[in-house]
Amino acid sequence: MPDPTQPSATPDFLQHDRPPVPDIVVPRGVQPFHLHNKPVRGRLVRLGPLADALLTRHDNHPAIARLLGETLALSAGLAAALKFRGSFSVQAKGDGPVSMLLADCTESGALRGYARVDGGRLGAMLDAAAPEAPGAGALLGGGYLAFSCDQGPDMERYQGIVSIEGGTLMEMADHYFQTSEQLRTHLQLACARTPHGWRAAALILERVAPEGGIVGPEVEAEEAEDAWHTALALAGTLTEEELLDDGLPGPELLRRLFHAEGLAVDRPRALAYGCRCSRARLAGVLSGFGGGDLDHMAQDDGAITMTCEFCNIDFRFERAEVRAAEGKGGGAHA
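Residues numbered from 1 in each chain as written. Predicted model: local features only at pLDDT ≥ 70, side-chain atom pairs only at ≥ 80, totals over all residues. Heavy atoms only, no water.

1. Considering the overall build of the protein chain
Consideration 1: A count of helices and strands for the protein chain gives 10 helices and 13 strands.
Consideration 2: Here the protein chain holds 334 residues, and the buried ones make up 47% of them.
Consideration 3: Of the contacts made within the protein chain by residues no fewer than 6 positions apart, 65% connect residues no fewer than 24 positions apart.
Consideration 4: Total accessible area computed for the protein chain in this model is approximately 16,200 Å², and 52% of it derives from carbon and sulfur atoms. (Helix = DSSP H or I, 4+ residues; strand = E, 2+ residues; numbered from the N terminus. Buried < 20%, exposed > 50% of the residue type's maximum accessible area, 1.4 Å probe, protein only. Contact = heavy atoms within 4.5 Å. Areas by Shrake-Rupley, 256 points an atom, 1.4 Å probe, with all protein chains shown as cover.)

Dropping the structure here:
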């Protein structure tokens, strides 16, 4: 039986709709929590085997996979705060070897992501940086980081954009929250290849305002501020190994950190392999092109191949079966 976490061995996939992508669900992918009567709430994100399924769709260098894994964990953690149907995405565009970095997650936990890489520039950077692997700042270069919240076709899309500042994705995201949001936030991100495959995780803490509902009116401002700094100090003791340890359950990890601070663990949320490509969807995209454009896309054998950048699956369409958009391109209709 073929490995369901790997791309199809058939170069041009001919199925009628969805390709055989991994059917992976991590039931406790996001563990929300708060500290009783303290201005602190948070989310622990652990992708488990989902990280390996997502990161091995492309044959990326470990430095790229690590950066994408951190982005996936961050996107999943931020999407868990959504209180409506939609999705949350983290996107970076830069002038470095990684020109595009994108991860998005729906309110139901469907997660996907990809990195667009210039192989030649990456190779030159790796040669120059040896033996140290380049970090996020070098890989992305100058550009911007965007956080987007899509609430569906009937609602206006919210997007916050800041320039890329910092050498790590954590520093870049911290810069965004410091400059673009009123909410004080603490982030810890981790991604590494373990004996069980790639793993990615995140810890997100948020400083809740007095009207947030988890702090009683009897708690004074100075006491609340002290509680926030205590939570930050405790979170700072968390290691990357602990974050990525499959054998350490999320609630137990949180208890190790915050058991003396009134930890309250909330209902966990699932994460799943979330590429949303389909043959029908891509056929709809092709139908928007004119005949001339479609002819240009067709290969010597008369077929058009479209590749999903997220799951790296090829979809093959016979040019003669694709009808061009009316009034576009001047090509003959099929």
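2. A closer look at the nonpolar core
Consideration 1: Judged by nonpolar contacts, the single largest core of 72 residues is most densely connected at L47, L50, L74 and F147.
Consideration 2: With 11 residues, helix α2 (residues 62-79) is the single largest residue contributor to this core.
Consideration 3: Core analysis: the second largest hydrophobic core is formed by 20 residues, L35, A235, L238 and L254 among them. (Core = buried A, V, L, I, M, F, W, Y, C linked by side-chain atoms within 4.5 Å.)

3. Thoughts on the packing of α2 against helix α5 (residues 169-180)
Consideration 1: Relative orientation of the contacting elements α2 and α5 amounts to 35 degrees, with a least axis distance of 10 Å. Here α2 contributes L67, E70, T71, L74 and L78 to the contact with α5, which in turn contributes L169, A173 and F177.
Consideration 2: Its residues assigned to classes, the contact of α2 with α5 shows six nonpolar, one polar and one charged. (Axes fitted to C-alpha atoms, helices over the stretch in contact; angles between N-to-C directions. Nonpolar A, V, L, I, M, F, W, Y, C, P; charged D, E, K, R; others polar.)

4. Considerations on the environment of H186
Consideration 1: One can find H186 in strand β8 (residues 184-194).
Consideration 2: Distance in space between the C-alpha atoms of H186 and G42 is 9.1 Å, their sequence separation being 144 residues.
Consideration 3: In this structure H186 touches L203, I204, L205, W228, L232 and A235, once residues within four positions along its chain are discounted.
Consideration 4: In terms of polar contacts, H186 uses its side chain to reach the side chain of Q188, at 2.9 Å. (Polar contact = N/O pair within 3.5 Å; in protein donor to acceptor, adjacent residues only side chain to side chain.)

5. A few points about the pattern of salt bridges
Consideration 1: Counted under the stated rule, the structure contains 12 salt bridges.
Consideration 2: Here D295 makes a salt bridge to R319, at a shortest N to O gap of 2.8 Å. You can see D295 sitting in helix α10 (residues 291-297) and its partner R319 sitting in the segment after β13 (314-318), a full 24 residues away along the chain.
Consideration 3: Of the residues examined, R319 reaches a relative accessible area of 10% and is grouped as buried.
Consideration 4: Through salt bridges with shared partners, a single ionic network connects E242, E252, R255 and R256. (Salt bridge = Lys/Arg side-chain N within 4 Å of Asp/Glu carboxyl O.)

6. Examining unusual backbone geometry
Consideration 1: The phi angle at N37 is positive, at roughly 60 degrees, despite the residue not being glycine.
Consideration 2: Looking at where N37 falls in the secondary structure, it is placed in the loop between β1 (25-35) and β2 (40-46).
Consideration 3: Residue classification places N37 among the partly exposed positions, given a relative accessible area of 24%.

7. Quick word on empty space enclosed by the protein
Consideration 1: For the structure on display, the rule yields two cavities of 30 Å³ or more.
Consideration 2: Its volume calculated, the largest cavity comes out at about 40 Å³.
Consideration 3: Lining the largest cavity are V30, A76, A79, A80, C105, T106, E107, S108, G109, R269, A270 and L271.
Consideration 4: Sort the elements by how many residues they give to the lining of the largest cavity and strand β11 (residues 269-273) lands first, with three residues. (1 Å grid on protein atoms, 1.4 Å probe; cavity = no way out; pocket = protein on both sides within 12 Å on 5 of 7 lines; lining within 4 Å. Points joined across faces, edges and corners; volume = space filled by probe spheres on them.)

8. Some remarks on the side chain of S148
Consideration 1: Within the secondary structure layout, S148 lies in strand β6 (residues 143-150).
Consideration 2: For S148, the side chain forms a polar contact with the side chain of Q159, separated by 2.7 Å.
Consideration 3: Residues contacting S148, with those up to four places away along its chain left out, are S87, F88, S89, R157, Y158 and Q159.

9. Remarks on the layout of surface pockets
Consideration 1: When its volume is computed, the largest pocket comes out at roughly 640 Å³.
Consideration 2: Residue lining of the largest pocket: 22 residues in total, with R41, R43, L78, A81 and E206 positioned closest to the centre.
Consideration 3: Of all elements in the fold, only β1, β2 and α5 reach the threshold of two or more residues within the lining of the largest pocket.
Consideration 4: Classifying every residue of the lining of the largest pocket gives 13 nonpolar, two polar and seven charged.

So far we have only geometry, and geometry alone does not tell us how the molecule works.
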